[in-house]
Amino acid sequence: HIHIESSMLTPYEFSRLALKHGTIATVSDPHEIANVLGLEGIEFMIKSASKTPFKFYFGAPSCVPATSFETSGATLDKESIQKLLEQKNIYYLSEMMNFPGVLFKDEEVLSKIASAKKQNKPIDGHSPDLKGADLESYIQTGISTDHEAISYEEAKEKLQKGMKILIREGSAAKNYEALSPIISEFPNSLMFCSDDRHPDDLENEHINSLVKRSIKKGFELFDVLQIACINPIKHYGLDIGMLRIGDNADFIEVNNLLDFEVIQTVINGDIVYKNGETILKKINHDLPNNFNTKPKTLNDIKFYSNYKKINIIKAFDGELITKKESYQTNTDFFESDLSKDILKIVVVNRYQNTKPSVSFVRGFGFKKGAIASSVAHDSHNIIAIGCSDEEIIKAINSVIENKGGIVCVDDKNINILPLKIAGIIGDEEGTIIAKKYKEINNYAKTKLGSSLNAPFMTLSFMALLVIPEIKLSDKGLFDVNNFKFMSPFA
């Protein structure tokens with residue numbers, strides 16, 4: 001399970017990097033680009049994927065938009081999902097993020113699930129911290145997987161109740177260490193996934209790293225290989241050879257069964273990667289986009305605190321979840337308190353020219369400057385964090401001017417990686433995008449002082465309203481646990 005768009009690469013460029021790690025196929029949810037461009041975005045992904053021998057298996061995004069509490073660029077209703085699932089090149093219903101809709105038997109949600117069942121296609125889940133009777137109700141609808149488990153106990157309950165667990169190790173959410181003990185207990189019901197992986201990480205490793213780590217931990221070789229190679233094929237019904245007579249010749253050659261250094265990658269009998277070189281050359285892509293907002297001013301993001309106590313989003317390194325905290329302001333207009341690591345966070349609607357939404361966050365550790373991005377799950381509005389209003393506006397307007405990108409600013413510099421495709425994907429080679437991303441990410445850490453390993457990835461999830469506990473959309477501060485907006489004041 002992966003969102004190719006989170007690598008900021010086209011499917012074609014993604015494949016050029018992934019092949020060297022021995023990945024020959026993905027189960028890809030085009031949910032991110034669908035939130036920006038709808039069906040046009042899914043068609044773009046399929047077209048790009050068709051130009052490489054790499055095997056992309058796309059799903060029908062079940063929640064576009066993820067919720068009604070944010071502004072997205074498109075909507076995929078039950079009729080759109082039904083038409084997608086009727087296509088042979090759409091293999092499953094992508095993660096059902098609207099778990100409240102499932103539990104409360106929302107007609108639109110259940111109709112999408114019914115369409116998948118009618119086509120006999122798997123249904124992916126998304127059920128963070130769901131347990132007990134609620135979990136059972138969720139599973140009984142036919143939802144078969146979950147990649148949001150973050151603890152051994154959570155994963156085990158879901159496995160015992162019949163779900164398949166995807167052990168996730170991405171750029172932001174890193175759950176492998178917590179979940180790895182289940183490998184020896186449930187090898188038939190597990191898969192590995194990265195969910196969201198940024199380009200610099202993809203350049204260095206992919207699923208191969210989880211295989212290596214598992215072997216070094218002492219897990220049985222063939223249990224690990226079954227999880228990495230066989231279980232996904234069987235669960236999703238993928239057309240990938242498993243070295244049986246008559247199968248397509250899909251395999252990799254590695255140096256040994258400890259290091260798993262990939263010597264060559266073969267798809268359908270053709271060598272597509274060997275000794276550091278891929279057969280795929282750079283190609284040009286169309287540049288579809290959806291950006292309709294104007295530059296913002298300082299007045300647009302002023303926060304009138306009036307000495308009141310305010311609600312704070314607490315972010316965590318390596319996690320998508322957040323916690324609610326409070327902070328006592330000491331001014332009429334509050335911007336930040338660097339001594340307490342309290343920074344302003346702003347979400348700008350990029351599809352309409354409306355007033356930005358403002359709140360505050362702790363956990364990023366910036367000492368100066370600001371960062372902004374048009375990669376903000378799931379609607380991909382512009383999201384920014386900074387130490388001062390001037391720096392935040394500078395970062396936001398740089399993204400608007402480029403119609404998409406990730407940017408670091410301070411009092412002297414603007415460093416930006418333009419993302420010209422839907423505001424979330426670059427149009428350059430994967431190695432170039434990876435290098436630029438790494439430079440900007442390091443700048444945020446070394447020059448601006450962020451304490452996070454992946455500040456941009458963590459930033460991108462501060463607007464994800466389906467992951468507890470408190471998030472910010474373009475419409476306001478959101479209480480995920482109660483699934484409703486909340487006051488900025490505590």
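A brief report on the enclosed structure follows. Bear in mind that the values here come from a model prediction, so they are computed numbers and not experimental data. (Residues numbered from 1 in each chain as written. Predicted model: local features only at pLDDT ≥ 70, side-chain atom pairs only at ≥ 80, totals over all residues. Heavy atoms only, no water.)

**Some words on the overall build of the chain**
So, step 1. Counting secondary structure elements, the chain contains 15 helices and 22 strands.
So, step 2. Here the C-alpha radius of gyration of the chain, 22 Å, is about what a compact globule of 490 residues would show, namely 23 Å.
So, step 3. Taken over the C-alpha atoms alone, the chain extends approximately 75 × 50 × 45 Å along its principal axes.
So, step 4. The buried share of the chain, taken over its 490 residues, is 60%. (Helix = DSSP H or I, 4+ residues; strand = E, 2+ residues; numbered from the N terminus. Rg over C-alpha atoms; globule rule 2.2 N^0.38 Å. Buried < 20%, exposed > 50% of the residue type's maximum accessible area, 1.4 Å probe, protein only.)

**Some points on the side chain of T329**
So, step 1. With respect to the secondary-structure elements, T329 resides in the loop between β13 (322-328) and β14 (342-348).
So, step 2. Judged by relative accessible area, which is 3%, T329 ranks as buried.
So, step 3. For T329, the side chain forms a polar contact with the main-chain oxygen of K308, separated by 2.6 Å.
So, step 4. Setting aside residues up to four positions removed in sequence, T329 forms contacts with S305, Y307, K308, I310 and F334. (Polar contact = N/O pair within 3.5 Å; in protein donor to acceptor, adjacent residues only side chain to side chain. Contact = heavy atoms within 4.5 Å.)

**A look at the pattern of salt bridges**
So, step 1. Enumeration according to the criterion identifies 21 salt bridges in this entry.
So, step 2. Notably, a salt bridge pairs E148 with R168, separated by 3.1 Å at the nearest N-O pair. With E148 in the loop between β5 (145-146) and α8 (152-160) and R168 in strand β6 (residues 164-168), this pair connects stretches of sequence that are 20 residues apart. The residues E148 and R168 share a single accessibility class, namely buried. (Salt bridge = Lys/Arg side-chain N within 4 Å of Asp/Glu carboxyl O.)

**Comments concerning helix α4 (residues 78-85)**
So, step 1. Along α4, the residues that are buried comprise S80, I81, L84 and L85. Viewed end-on, α4 has its buried residues packed into an arc of 130 degrees, placing them on one side of the element.
So, step 2. Packing partners of the buried residues in α4 comprise α3 (39-49), β2 (55-60), β3 (90-96) and α6 (107-118). (Arc of directions from axis to C-beta.)

**Here's the deal with unusual backbone geometry**
So, step 1. Cis geometry is adopted by the peptide bond preceding D378, which originates at H377 and carries an omega value of 0 degrees.
So, step 2. Along the polypeptide, D378 turns up in the loop between β16 (370-373) and β17 (382-386).
So, step 3. Omega for the bond connecting P468 with E469 falls within 30 degrees of zero, at 20 degrees, which places this linkage in the cis form.
So, step 4. Tracing the chain through its elements places E469 in the loop between α15 (455-460) and β20 (470-473).
So, step 5. Its identity as a non-glycine residue notwithstanding, N306 has a phi of 50 degrees, on the positive side.
So, step 6. Structurally, N306 can be placed in the loop between β11 (277-278) and β12 (309-315).

**Some remarks on the nonpolar core**
So, step 1. Formed by 114 residues in total, the largest nonpolar core has its most connected members in F14, L93, M96, V361, F364 and F366.
So, step 2. Top contributing element to this core by residue count: helix α14 (residues 430-446), with 5 residues.
So, step 3. Listed in part, the 24 residues of the second largest apolar core include I301, V348, A372 and I400. (Core = buried A, V, L, I, M, F, W, Y, C linked by side-chain atoms within 4.5 Å.)

**Considerations on the sheet that holds strand β4 (residues 123-125)**
So, step 1. Strand order in the open sheet formed by 4 strands is β1-β2-β3-β4, and the pairing between neighbours is parallel. The open sheet has two edge strands with one neighbour each: β1 (25-28) and β4. The mean angle between the axes of side-by-side strands here comes to 30 degrees, regardless of whether they run parallel or antiparallel. (Pairing = 2+ DSSP bridges. Axes fitted to C-alpha atoms, helices over the stretch in contact; angles between N-to-C directions.)

**Quick look at the packing of aromatic side chains**
So, step 1. Per the counting criterion, the structure on display carries 18 aromatic pairs.
So, step 2. Each ring, one from F69 and one from F485, has its centre 5.4 Å from the other, and the planes form 80 degrees; the classification is edge-to-face. Taken together, the residues F69 in the loop between β2 and α4 and F485 in strand β22 (residues 484-485) connect sequence positions 416 residues apart.
So, step 3. Aromatic pair Y92 and Y236: ring centres 5.4 Å apart, planes at 65 degrees, arrangement edge-to-face. You can see Y92 sitting in strand β3 and its partner Y236 sitting in helix α12 (residues 221-236), a full 144 residues away along the chain. For the pair shown, Y92 and Y236 are each scored as buried.
So, step 4. Among the aromatic residues, those joined into a ring-pair cluster are F303, Y327, F334, F360 and F489. (Phe/Tyr/Trp six-rings, centres within 6.5 Å; stacked < 30°, edge-to-face > 60°.)

**A few points about the sheet that holds strand β19 (residues 414-418)**
So, step 1. Pairing in this open sheet of 8 strands is mixed, and the strands run β13-β12-β15-β14-β17-β16-β18-β19 from one edge to the other. Both outer strands of the open sheet, β13 and β19, are each paired with one neighbouring strand and no more. Averaged over all pairs of adjacent strands, the angle between strand axes in this sheet comes to 25 degrees, irrespective of strand direction.
So, step 2. Relative to β19, strand β18 (residues 405-409) is paired through 5 bridges, and the arrangement is antiparallel. Residue pairing across strands places I406 opposite L417, the latter belonging to β19.
So, step 3. Across the face of the sheet, helix α13 (residues 389-402) comes into contact with β14, β16, β17, β18 and β19 while running at roughly 30 degrees to β16.

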